[in-house]
Amino acid sequence: MSGNSRSTAERDDSGGREVVLSVRDLEVSFGTKRGRAEVVRGVDYDLHRGETLAIVGESGSGKSVSTLALTKLIPIPPGRVTGTAHLGGTDLVSLGEDELVHIRGRRIGFVFQDPMTALNPVHTIGRQLTEGMRHHLQLSEGEARDRAVELLDKVGIPSPARRLGDYPHQFSGGMRQRVVVAIGLSCDPEVLIADEATTALDVTTQAQIVDLIAELQDDLGMAVVWITHDLGVVAGIADRVMVMYAGEVVEQAGAVELFERPRHPYTVGLLASLPVLGDTERGDLVAIPGLPPGPTDLPAGCGFYPRCSFRDDPRCETERPPLREVVPGHLVRSFYEVPEEDARRASAATRIAIEPPDVRDEGVA
Amino acid sequence: MTGSLLEVEDLHVHFPVGRGRDRQTVRAVDGVSLALERGETLGLVGESGCGKTTTGLALLRLVEPTSGRIVFDGTDVRALSRRDLRAWRRRAAMIFQDPYASLDPRLPVGETIGEALDIHDLHQGKQARRRRIGDLLERCGLDPGVADRYPHEFSGGQRQRIGVARAIACEPDFIVCDEPIAALDVSIQAQVMNLLNELQRDLGLAYLFIAHDLAAVQHVCDRIAVMYLGRIVEKAERLELYQHPQHPYTQALLSAVPIPDPVRERERQRIWLEGDVPSPIDPPSGCRFRTRCREVFDACDRIDPALQPVGEDHLAACLLHGEVGTEVTT
């Protein structure tokens, strides 16, 4: 299943910024009773310093696994990871457990979905925050404590010194996720992976956490990989977007380009099926029929073929389409591009018929 | 407001917590009034903990209201005896958020649907029962042949279709849809929303659509009510609410909803809400939103604002629109 196009992410469209993470031909599979489940089938990208890459997809698309596998945060066996992932000069895929412990939390930070499970309920916030710094940065207890206070302050927790002794249940959901962000940042990572980091939060809290991470990213210059299913969040923060379906990258482009002129039938379908604030239509949404395929019974040809309403090429059914660069920086895995007119009809920009009220004149707190 | 399918007046649901001297009261729903017409969808939105789900449950007496009036098509629901309540529930159903937790894993899905038919004695004989179950599954976009399968054999979207089939089994007039799409994948959400739309058109159902996703709510609802800390703070026609939100909380909520258009999304200004939602055990005096409101002024802790007209068929409970409400007695 390997040997598909490699040229994908080799182009540097970042204005010459340094590449911090370079992933090639990444494949992840799991041995199951029903045969090998190919969960990630060839992912390539370069992540630049200070850049935000969003990986979008539904459950089972491989978006989370493709990033968890970088530092082997998946059970191996039954999991198997192949390909390369260079962080600086180190290929993460070739590293063993004893070396990976110096990468996880140190050079790659994580923010996971549910702050209640990401935090240990029986340890204080202070202990959980300082643990990584003491281990990775060899800070003394006092130094780690000072930095913990600084971090809590940075993520917007009031009276941080006093809160170090508190337990997770003493924080609200939003505050807990701020603590998780602080832990993710504590060792000054080069890459922060935010895996559905705001999915469990209310919209008002989500907006705050999204903003917080963007602000910290500007300050610290780290690169961020946002894994999410929420295209609205992506629109607000991503420099580049990778859309995954059935273990493959089906489309990759700059954020503005992707939302304005999506070319893959799945991306177009996803955008069209989204309810959008300000869209005055009250009728049915344009839903994508059917279900995504399971990882053990993938279609022979294009993974999206069975659900595709644009399929137009005899090869779609039998041949796996290559990832092609259709315009500079815009990659599509399809034999067929969705016509501009259909793409435009699906985009939120076209569907928004009435603008939201402007909140600026009343002064934003 | 006579002739509405459902009229709710001053509904309260309070839960006691603690014992003895520590006994306190969680005021989960604290004075909610609403009305629903036949065939209409009313959206109920708000953040977690605002009482929207409890409101939905209380309407069906799945939790007992503490006080208030619920009148459904002329019937005083709170006055119903246990037996009458059971019979009444045929007309009012519920669809739950989690399609994994809301189906019995040990029961074939056809039986889950059939149970409702048995309880209300709605079939003549085994054959007819089987046919009816098949019809219901088909109506909800599933193969009638899957009736003998168990929930684990279905995807989340399919399970939610089964939940919908169960809800419409007894031909209700009204369904409480509690976050029916929140647990589903994006491409499946639209399928389920379309199914609900279609059933409403064909069967004349009225929905109370409880959700936190304002974009989805704006799409499927006729009118929208916004809840905060046990109260409805604003209520309006769906586009009116979006274009002319009058309550500072609604304004903040709308400004936080991400829009999948990078150009608009990056230019937007948000209204930040400071702090956390206060505890429903001891809500702030006067206006409950005052502790986080950017427009707060001196009257806000003195007067508990009542819903007042602020536009055509548009109500808001905010003192900025006139100091209408109950004086706080201390």
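### Let's talk about the overall build of chain B
Part 1 of the reasoning: The helix and strand tally for chain B stands at 10 helices and 14 strands.
Part 2 of the reasoning: Over its C-alpha trace chain B gives a radius of gyration of 21 Å, about what one expects of a compact globule, namely 20 Å for 330 residues.
Part 3 of the reasoning: Projected onto its principal axes, the C-alpha coordinates of chain B cover approximately 70 × 55 × 40 Å.
Part 4 of the reasoning: Burial statistics for chain B: of 330 residues in total, 51% are counted as buried.
Part 5 of the reasoning: Partitioning the intrachain contacts of chain B with sequence separation of at least 6 by distance along the chain shows that 63% fall at a separation of at least 24.

### Focus: the domain arrangement of chain A
All names here are of chain A.
Part 1 of the reasoning: Split by domain assignment, chain A resolves into domain 1 (17-238) and domain 2 (265-351).
Part 2 of the reasoning: Using only C-alpha atoms to locate each centre, domain 1 and domain 2 end up separated by 29 Å.
Part 3 of the reasoning: Residue-level contacts link nine residues of domain 1 with seven residues of domain 2.
Part 4 of the reasoning: Taken together, the residues of the side of domain 1 that touches domain 2 sort by class into three nonpolar, three polar and three charged.

### Focus: the sheet that holds strand β3 (residues 52-56) of chain A
Residues and elements named next belong to chain A.
Part 1 of the reasoning: On the basis of which strands lie adjacent, the open sheet formed by eight strands has the order β6-β7-β8-β3-β9-β10-β12-β11 and mixed pairing. For this open sheet the edge positions go to β6 (108-111) and β11 (323-327), each flanked by a neighbour on one side alone. Ignoring strand direction, the axes of neighbouring strands in this sheet form an average angle of 20 degrees.
Part 2 of the reasoning: As judged from the six bridges shared by strand β9 (residues 240-245) and strand β10 (residues 248-254), these two strands associate in the antiparallel manner. Looking at the pairing, Val 243 lines up with Glu 251 of β10.
Part 3 of the reasoning: Contacting β6 and β7 (191-195), helix α7 (residues 173-185) crosses the sheet at an angle of about 170 degrees to β6.

### Re the interface of chain B and chain A
Part 1 of the reasoning: If you look at the interface, chain B gives 45 residues, while chain A gives 44 residues.
Part 2 of the reasoning: Taken together, the elements giving at least two residues each to the side of chain B that touches chain A come down to α6 (186-203), α7 (214-220), α8 (238-243), α9 (248-256) and α10 (262-267) of chain B.
Part 3 of the reasoning: Examining the composition of the side of chain B that touches chain A, we find that seven residues originate from one element, α6(B), more than from any other.

### Some points on unusual backbone geometry
Part 1 of the reasoning: With omega at -20 degrees, the peptide bond leading from A:Ile76 into A:Pro77 counts as cis.
Part 2 of the reasoning: Cis geometry is found at the peptide bond from A:Pro77 to A:Pro78, where omega equals 10 degrees.
Part 3 of the reasoning: Relative to the helices and strands, A:Pro78 resides in the loop between α1 (63-68) and β4 (79-87).
Part 4 of the reasoning: Of note, the phi angle at A:Asp188 is positive, near 60 degrees, even though the residue is not glycine.
Part 5 of the reasoning: Along the chain, A:Asp188 falls in the loop between α7 and β7.
Part 6 of the reasoning: We classify A:Asp188 as partly exposed; it has 15 C-beta atoms within 10 Å.
Part 7 of the reasoning: Residue B:Leu229 is not a glycine yet carries a positive backbone phi of 50 degrees.
Part 8 of the reasoning: Of note, B:Leu229 is situated in the loop between β9 (223-228) and β10 (231-237).

### Side note on the packing of helix α4 (residues 125-137) of chain A against helix α5 (residues 141-154) of chain A
Residue and element names in this part refer to chain A.
Part 1 of the reasoning: Direction vectors running N to C along α4 and α5 enclose 120 degrees, while the axes themselves pass 9 Å from each other. The angle between α4 and α5 places the two elements in the oblique class. Read as a crossing pair, α4 and α5 show a hand that is right-handed. Between α4, through Gly 126, Leu 129, Thr 130, Met 133 and Arg 134, and α5, the contact on the second element is made entirely by Ala 144, Arg 145, Arg 147, Ala 148 and Leu 151.
Part 2 of the reasoning: For the contact of α4 with α5, the per-class residue count stands at five nonpolar, two polar and three charged.

### Some details on the sheet that holds strand β7 (residues 174-178) of chain B
Residue and element names in this part refer to chain B.
Part 1 of the reasoning: Strand order in the open sheet formed by eight strands is β6-β7-β8-β3-β9-β10-β13-β12, and the pairing between neighbours is mixed. A strand with exactly one partner marks an edge of an open sheet, and here the two such strands are β6 (92-95) and β12 (308-311). Strand-to-strand twist across the sheet, computed as the mean angle between neighbouring axes with direction ignored, equals 25 degrees.
Part 2 of the reasoning: Sheet strands touched by helix α5 (residues 156-168): β6 and β7. Its angle to β6, the strand with the most contacts, is close to 175 degrees.
Part 3 of the reasoning: Across the sheet, α9 lies against β9 and β10, angled at about 105 degrees from β9, the strand it touches most.

### Let's talk about the pairing of β6(B)
Both faces of the sheet carry side chains from a regular strand, because those side chains alternate between them.
Residue and element names in this part refer to chain B.
Part 1 of the reasoning: Of the two faces of β6, the one holding Ala 92 and Met 94 and the one holding Ala 93 and Ile 95 are both buried throughout.
Part 2 of the reasoning: Across four bridges, the pairing between β6 and β7 is parallel. When the sheet's bridge partners are listed, Ala 93 is paired in β7 with Ile 175.

### Looking at helix α11 (residues 265-272) of chain A
Part 1 of the reasoning: Where burial is concerned, most of α11(A) is hidden: eight out of the eight residues are buried.
Part 2 of the reasoning: Contact partners of the buried residues in α11(A): α9 (231-237), β9, β10, α13 (340-346) and α14 (348-351) of chain A together with α6 of chain B.

### What to know about the environment of A:Pro293
Residue and element names in this part refer to chain A.
Part 1 of the reasoning: Looking at the secondary structure, you find Pro 293 in the loop between α11 and α12 (315-318).
Part 2 of the reasoning: Along the chain, Pro 293 and Gly 303 lie 10 residues apart, while their C-alpha atoms are 7.5 Å from each other.
Part 3 of the reasoning: Excluding its chain neighbours within four sequence positions, the residues that come into contact with Pro 293 are Ala 246, Leu 298, Pro 299 and Gly 303.

### A word on helix α8 (residues 203-220) of chain A
Part 1 of the reasoning: For α8(A), built from 18 residues, the straight-helix expectation of 26 Å at 1.5 Å per residue is met to within 8% by its first-to-last C-alpha distance of 26 Å.
Part 2 of the reasoning: Contacts from the buried residues of α8(A) go to α5, α7, β7, β8 (223-228) and α9 of chain A together with α9 of chain B.
Part 3 of the reasoning: Just beyond α8(A), the residue with positive phi is A:Gly221, at close to 75 degrees.

### What about the packing of α4(A) against α7(A)?
Residue and element names in this part refer to chain A.
Part 1 of the reasoning: Two elements in contact, α4 and α7, have axes whose closest approach is 8 Å; the angle formed by their N-to-C orientations is 20 degrees. In terms of orientation, α4 and α7 fall into the roughly parallel class. As for how α4 packs across α7, the hand of that crossing is right-handed. Between α4, through Ile 125, Gln 128, Leu 129 and Gly 132, and α7, the contact on the second element is made entirely by Val 179, Ala 182 and Ile 183.
Part 2 of the reasoning: Residue composition of the contact of α4 with α7, by class: five nonpolar, two polar and no charged.

Cut-off values and rules
- Residue positions within a chain follow its written sequence, with the count starting from 1.
- Labels are handed out in written order, letters beginning with A for the chains and numbers beginning with 1 for the ligands.
- Only residues with pLDDT of 70 or above have their local features reported here, since the model is predicted, and side-chain atom pairs are shown and tallied only from 80 upward, although totals for entire chains, interfaces and linings are computed over all residues.
- Helix numbers and strand numbers start at the N terminus; a helix is a DSSP run of H or I with at least 4 residues, a strand a run of E with at least 2.
- For the radius of gyration, the atoms used are the C-alpha atoms, and the globule rule reads 2.2 Å times the number of residues raised to 0.38.
- Each residue is classified by how many other C-beta atoms fall within 10 Å of its C-beta atom, where C-beta atoms are placed from the backbone; a count of 20 or more means buried, 12 or fewer means exposed, and values in between mean partly exposed.
- Here, residues touch in the contact sense if the C-beta positions derived from the backbone fall within 7 Å of one another.
- The split into domains, and so the bounds of each, comes from an automatic or database assignment of domains.
- Residues are sorted three ways: Asp, Glu, Lys and Arg are charged, Ala, Val, Leu, Ile, Met, Phe, Trp, Tyr, Cys and Pro are nonpolar, and all the rest, Gly among them, are polar.
- Strand pairing is defined by DSSP finding a minimum of two bridges between the two strands.
- Interaxial angle, 0 to 180 degrees, is taken between N-to-C directions of lines fitted to C-alpha atoms, where a helix line uses only the stretch in contact.
- We call two directions roughly parallel when the angle between them is under 35 degrees, roughly antiparallel when it is over 145, roughly perpendicular when it lies between 65 and 115, and oblique otherwise.
- Should the near helix be turned anticlockwise from the far one by less than a right angle, the crossing is left-handed, and should it be turned clockwise, the crossing is right-handed.
- Each residue after the first adds 1.5 Å to the expected span of a helix.

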